[in-house]
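# Coordinate inspection notes
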Amino acid sequence: MTTTPAPLRYVYAVCRPFDGVLPEGAAGITGEPPRLLHHGDLVAVVDAVPAEAFDEGPLRARLEDLDWLAATARGHDAVLASLTALTSPLPLRLATVCRDDSGVRRLLEEGHDRFVRALERIDGRVEWGVKVYAEQPPARRPASSEAASGAVGGRDYLRRRLRERDGRKEGRRRADEVGRTLHERLSGYAEAAVLHPPQNPRLAGDTGGVNVLNAAYLVPRERAEGFVALTGDMAQADGVRVELTGPWAAYSFAGIAEEDAARDRERREEGAA
């Protein structure tokens, strides 16, 4: 007789102990509410997941399944969104899995100092995402009457194409200028910023523009209103689209405490030299 392997532990995030509970109905990747595993001065947010799907071998295969990966990411993000309404969680990498509760406690113990530094850095802060696009108007096609009569000759066609090209270049120039100015001003509200590579519009299902700024900002909660208002003020340029998303858990800044520590070490070493 075969026995069903014991469930594994999927870990969404690490946070400080906090008052309150996750909102009713908050469900993770299993469709059930996650639970809080307290260990010392840290809390892991965990879910029990089937070993046949999340053990090392099956998980490696499932990570190649884009539909499964997208569904898992949605459940992961839903839990982090619920946590962000209550505290400042440190997101863990998608599909962080431990064998059992003891494994989760070992994870917290071995990473304790790193987790604490990161939580201190993001405490009271959230991530906002900002994208700037140069909108690309569709190329004008000759009207059927023009095409039928041959009214659009070779020179007219070339002139029109040149105007369209120049229009796209001017739109891109405006969007680049808005992106640079917006990033500079938003960085003044934020405590840290990350510039991500421009997003491929085909991957995002967006054919209406070229992404010229794809940035994330770590913003204290009390500055959020001004941050959002500034983004709206800068979204008025013709042919430029600005998208604001958030507030999110600090996904883009999970390693920022390690970067701060490395810079501190470098400064100490330079001072001692």
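A short tour of the structure in this document, coming up. Remember, predicted model here, so these are calculated numbers, not experimental data.

With that out of the way, let us pick up the sheet that holds strand β7 (residues 192-195). Pairing is antiparallel across the open sheet formed by 4 strands, whose spatial order is β7-β8-β6-β9. For this open sheet the edge positions go to β7 and β9 (240-248), each flanked by a neighbour on one side alone. The average angle at which neighbouring strand axes cross in this sheet is 20 degrees, direction not considered. The pairing of strand β6 (residues 125-135) with β9 spans 7 bridges and is antiparallel. Bridge pairing in β9 links Gly129 to Thr245. Helix α5 (residues 112-122) contacts β6, β7 and β8 (209-220) of the sheet and is inclined by roughly 65 degrees relative to β6. Relative to β6, helix α8 (residues 224-233) is tilted by about 0 degrees, and along the sheet it contacts β6, β8 and β9.

Turning our eyes to something else, we now look at unusual backbone geometry. Of the consecutive residues Gly246 and Pro247, the connecting peptide bond is found in the cis state with omega at 0 degrees. Tracing the chain through its elements places Pro247 in strand β9.

Moving on to the environment of Arg99. Residue placement: Arg99 occurs in the loop between β5 (97-98) and α4 (101-110). Along the backbone, Arg99 and Arg9 are 90 residues apart, and their C-alpha atoms lie at a distance of 6.1 Å. Those residues in contact with Arg99 that sit more than four places away from it in its chain are Pro7, Leu8, Arg9 and Asp55. Side chain to side chain, Arg99 and Asp55 meet in a polar contact 3.1 Å long.

In terms of burial, strand β1 (residues 8-15) is a largely internal element, 8 of the 8 residues being buried. Two elements, β1 and strand β3 (residues 42-49), share 7 bridges in a ladder whose sense is antiparallel. Each bridged residue has a counterpart across the sheet, and for Cys15 the counterpart in β3 is Val43.

Cut-off values and rules
- Residues numbered from 1 in each chain as written.
- Predicted model: local features only at pLDDT ≥ 70, side-chain atom pairs only at ≥ 80, totals over all residues.
- Heavy atoms only, no water.
- Pairing = 2+ DSSP bridges.
- Helix = DSSP H or I, 4+ residues; strand = E, 2+ residues; numbered from the N terminus.
- Axes fitted to C-alpha atoms, helices over the stretch in contact; angles between N-to-C directions.
- Contact = heavy atoms within 4.5 Å.
- Polar contact = N/O pair within 3.5 Å; in protein donor to acceptor, adjacent residues only side chain to side chain.
- Buried < 20%, exposed > 50% of the residue type's maximum accessible area, 1.4 Å probe, protein only.

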